[in-house]
Amino acid sequence: MAQLLSFRVYLSAETQKASSESFKRTQSSRKPFKPGQRGPVNPVRKPQNLNLEVSPHRAVSAVRLMRIEFGGAFADLLNEKGKGSGSNEMSYVERTIGFRTRDLDDRDLRLVTDVVGGTIRWRRYLDHLIGSLCHNERTFRNMEPLLLQILRIGFYEIIKLDMPAYAVVDENVRLAKIALRPGAGDLVNGILRKLVTLKEKDALPLPKVEGDDRAQARALATLHSHPVWMVRRWVKYLGLDEATKLMTWNNTDPGFSLRANMGRDITRSELVERLNSLKVPHELSLHLEEFVRIKTGLQMVVQAGLLKEGICSVQDESAGLVVSVVEPQPGDRILDACAAPGGKTLFMASCLKRQGMIYAMDVNEGRLRILGETAKSHQVDGLITTIHSDLRVFAETKEVQYDKVLLDAPCSGLGVLSKRADLRWNRKLEDMEELTKLQDELLDSASKLVKPGGFLIYSTCSIDPEENQGRVEAFLLRHPEFSVDPVDRLVPSSFVTSQGFFLSNPVKHSLDGAFAARLVRAL
């Protein structure tokens, strides 16, 4: 389980800072499906014989989409051993629809990843088209979950993946007939054939961006598949053109960055040699000497054991630049106040040159345990001490101060929507107010643990001004003993705001969105 962190620290960990699991303050992801929400749930059937007629990637994708939407499952299919979790997925298929297909091969795993991620990302857009092509609105609103997922898959494959229409129709009709009933297959057949005809005529029933601001926001939200509240918020802060570019970025296939593990004296050149041997295309980071960018081939990296061996970690450069803002130095005592799952913790520890200590604090004991195990594989466990505590409680009860305190705060995750396709649907406008209150509380607590002359670094994986500079400005009004230490000497100038903060812009920098402010406490 330890190696799972190295893979998921990039895919989901940074955005999980905002989960209710951490501080019991924000709403959790969608609850498990209950009868009455949208159509009936199919009862769990007794296992049947192996069915070789149904497309494996479509069966797995349909069931996994249900689990993600109603049960909070992850979208990736790689486990800590670096192998596809196809057998696990097939067991879910069997329990849900009553039969197994043939086992997933590597191509199937890649298809599942593409189909699941894309279908989640484009859900609002797909649902608009499905609803438009149904006989009436009631048909769509009362559609049972599995049938809806099958249609979403078919629409996504035809429109976005441009797969051969005849094959998509045939395979999804077969899945609906066998997993549900013949009538469901007939419905899928009719709707998908309508879609194919309209696509060929370039006549998809899509909304026009016109009318007042609300009407335009609704149209943009459908066309770019984002919640309306996000669209309105981004248009307000960024303007229409930049908001549109951001949504376009969020809907592109994400790239990945690998960080060579300096804690094991692994250089980037050595990592590049391993990637060359695996024939994984890559390019060097323009901003950080330990990082390499890859667009494809992550599955090969995982399967080759590079993460398991501690050769590298999957970590976005934006997270690495936040560590640059912390500026870990040999001999430092640094508190990582919301550490789990620990990507920044591990990077900071590798910067200490075996001198100093990172104190990794989190409320989740299980995730801290995983962090400790991963630190061993990275050979930095002697530089990390875990603390199981809520920061607010710790600050009130302990008289201890640190050279630097990193508060990588729970946040909306609005900077990482290209990676976390599901996150856009799990956030609500009401979450923002609750998150900012939590961020203020944590900043106040973290400030008590900074020694005179020490540094408090506040960071998020959000691009929202209220979560970022808004929180820092409010904090400085409450705490005049702190002032801004500009980050221009620590990160490239293109990332430095006029206020001296770090901000990565997904559109401008082709990285995840992230923010960091470096504050110094007066002597």
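Remember, predicted model here, so these are calculated numbers, not experimental data.

(A) How the structure looks around the overall build of the protein chain. If you tally the helices and strands in the protein chain, you get 23 helices and 12 strands. Within the protein chain, buried positions represent 57% of all 523 residues. Nonlocal contacts in the protein chain, meaning residues at least 24 apart in sequence, comprise 75% of its contacts between residues at least 6 apart. Split by element, the accessible area of the protein chain, about 21,700 Å² in all, is 50% carbon and sulfur.

(B) How the structure looks around the UniProt feature "binding site: S-adenosyl-L-methionine" (unreviewed entry) in the protein chain. In this numbering, the UniProt entry assigns the feature "binding site: S-adenosyl-L-methionine" (unreviewed entry) to Cys338, Ala339, Ala340, Pro341, Gly342, Gly343, Lys344, Asp362, Asp390 and Asp408. Among the structural elements, Pro341 can be located in the loop between strand S5 (333-336) and helix H17 (343-350). By the element assignment, Lys344 lies in helix H17.

(C) Unusual backbone geometry, seen in detail. Cis geometry is found at the peptide bond from Ala340 to Pro341, where omega equals 5°. Positive phi outside glycine occurs at Gln379, with the angle close to 60°. Structurally, Gln379 can be placed in the loop between helix H18 (365-377) and strand S7 (384-388).

(D) Inspection of the packing of aromatic side chains at higher detail. In this structure the tally under the stated criterion is seven aromatic pairs. Centroid distance Phe291 to Phe347: 5.7 Å. Interplanar angle 65°. Geometry classified as edge-to-face. With Phe291 in strand S3 (residues 291-294) and Phe347 in helix H17, the pair connects residues that are 56 residues apart, well separated along the chain. The exposure class assigned to Phe347 is buried, which follows from its relative accessible area of 3%. Members of the aromatic cluster, joined through ring pairs, are Tyr458, Phe501 and Phe515.

(E) A look at the sheet that holds strand S1 (residues 256-260). Reading across from one edge, S2-S3-S1-S4 is the order of the four strands in this open sheet, with antiparallel pairing throughout. Looking at strand neighbours, the two that pair on one side only are strand S2 (283-284) and strand S4 (312-314), the edges of this open sheet. Sheet topology places S1 next to S4; three bridges connect them, and they run antiparallel. Of the residues in S4, the one forming a bridge with Arg259 is Ser313. Against the sheet, helix H14 (residues 268-278) touches S1, S2, S3 and S4, its axis set at about 25° to S3.

(F) Structural view of the pattern of salt bridges. Under the counting rule described, the total for this entry stands at 37 salt bridges. Arg102 is paired through a salt bridge with Asp108; the nearest N and O atoms lie 2.8 Å apart. According to the relative accessible area criterion, Arg102 is partly exposed, its value standing at 37%. In this structure, Lys419 engages Asp316 in a salt bridge whose closest nitrogen and oxygen atoms are separated by 4.0 Å. Within this pair, whereas Lys419 is found in the loop between strand S8 (402-408) and helix H20 (423-426), its partner Asp316 is found in the loop between S4 and helix H16 (317-326), the two being separated by 103 residues in sequence.

(G) Molecular detail of the nonpolar core. Counting 54 residues, the largest nonpolar core has Ile97, Leu146, Ile150, Leu151, Phe155, Leu175 and Val188 as its most contacted members. Listing elements by their share of this core, those giving two or more residues are helix H3 (56-71), helix H4 (86-97), helix H5 (106-121), helix H6 (123-133), helix H8 (145-159), helix H9 (165-179) and helix H10 (182-200). Sorting elements by how many residues they give to this core places H8 first, with 10 residues. The next biggest cluster of nonpolar side chains, apart from the first, holds 34 residues, and it includes Leu321, Leu346, Leu406 and Phe455.

Basis of the calculations
Residues numbered from 1 in each chain as written. Predicted model: local features only at pLDDT ≥ 70, side-chain atom pairs only at ≥ 80, totals over all residues. Heavy atoms only, no water. Helix = DSSP H or I, 4+ residues; strand = E, 2+ residues; numbered from the N terminus. Buried < 20%, exposed > 50% of the residue type's maximum accessible area, 1.4 Å probe, protein only. Contact = heavy atoms within 4.5 Å. Areas by Shrake-Rupley, 256 points an atom, 1.4 Å probe, with all protein chains shown as cover. UniProt positions renumbered as here; feature names shortened; annotations may be inferred. Phe/Tyr/Trp six-rings, centres within 6.5 Å; stacked < 30°, edge-to-face > 60°. Pairing = 2+ DSSP bridges. Axes fitted to C-alpha atoms, helices over the stretch in contact; angles between N-to-C directions. Salt bridge = Lys/Arg side-chain N within 4 Å of Asp/Glu carboxyl O. Core = buried A, V, L, I, M, F, W, Y, C linked by side-chain atoms within 4.5 Å.

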